[in-house]
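Each chain is listed here by its residues.
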Amino acid sequence: MAHKVRVCPQCGSTNIHEIHTSVSGWLTPATYHCKDCNYVGSIYVEVDSDELSRLQAAMRGE
Ligand SMILES: [Zn+2]
């Protein structure tokens, strides 16, 4: 069964992880960082694992 994977919206890498920031106890929106292209932002793409290769091919312009 397919599972969901987080994908960088900029380069298609799955090497994206959540940065936990807490400033004086305030709840801040989650921020995501891509280790491959250094994307930092509050959005990421979530796809089924079996859709991943198709998405990455599309992002490469194939
Ligand atoms: Zn990236």
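So, here's what we can say about the structure. None of the values given here were measured: they were computed from a predicted structure.

Another aspect to go through is the overall build of the protein. The secondary structure content of the protein amounts to 1 helix and 5 strands. For a compact globule of 62 residues, the expected C-alpha radius of gyration is about 11 Å, and the protein comes in at 13 Å, more than 25% above that figure. Seen through its principal axes, the protein has C-alpha atoms that stretch 45 × 25 × 15 Å. A buried classification covers 10% of the 62 residues belonging to the protein. Long-range contacts, defined as pairs at least 24 residues apart, comprise 51% of the intrachain contacts of the protein with a sequence gap of at least 6.

What follows concerns the environment of S13. Of note, S13 is situated in the loop between β1 (4–7) and β2 (16–19). Here S13 is in contact with C8, C34, D36 and C37, once residues within four sequence places are set aside.

Turning next to the sheet that holds strand β4 (residues 40–41). As summarised here, the arrangement of the 3 strands in space is β2-β3-β4, forming an open sheet in which the pairing is antiparallel. Edge positions in the sheet fall to β2 and β4, since each has one partner strand and no second. As paired elements, β2 and strand β3 (residues 31–34) share 4 bridges and run antiparallel to each other. Looking at β3, one finds that E18 is bridged to Y32.

Once that is clear, we can look at the nonpolar core. If you look at soluble globular proteins, the nonpolar side chains tend to sit buried side by side. Listed in full, the 5 residues of the largest apolar core are V7, C8, I16, C34 and Y44. Excluding residues within four positions of it along the chain, I16 makes contact with R6, V7, C8, Y32, H33, C34 and Y44.

A few words on unusual backbone geometry. The backbone of N38 sits at a positive phi, close to 65°, despite the residue not being glycine. Structurally, N38 is set in the loop between β3 and β4.

Attention now moves to the environment of C34. One can find C34 in strand β3. Each C-alpha atom of the pair C34 and N15 lies 5.7 Å from the other, and the pair is 19 residues apart in sequence. The contact partners of C34, leaving out residues within four places of it in the chain, are C8, Q10, C11, S13, N15, I16 and Y39.

With that settled, the discussion passes to helix α1 (residues 52–59). Because the α-helix completes a turn every 3.6 residues, residues three or four places apart line up on one side. Counting buried positions over the 8 residues of α1 gives 0, only a small fraction of the element. Of the residues flanking the end of α1, it is G61, one or two places downstream, whose phi is positive at about 85°.

The rules behind these values
Residues numbered from 1 in each chain as written. Predicted model: local features only at pLDDT ≥ 70, side-chain atom pairs only at ≥ 80, totals over all residues. Helix = DSSP H or I, 4+ residues; strand = E, 2+ residues; numbered from the N terminus. Rg over C-alpha atoms; globule rule 2.2 N^0.38 Å. Buried ≥ 20, exposed ≤ 12 C-beta atoms within 10 Å, placed from the backbone. Contact = placed C-beta atoms within 7 Å. Pairing = 2+ DSSP bridges. Core = buried A, V, L, I, M, F, W, Y, C linked by C-beta atoms within 7 Å.

Everything listed here is a matter of geometry and, on its own, says nothing about what the molecule does.
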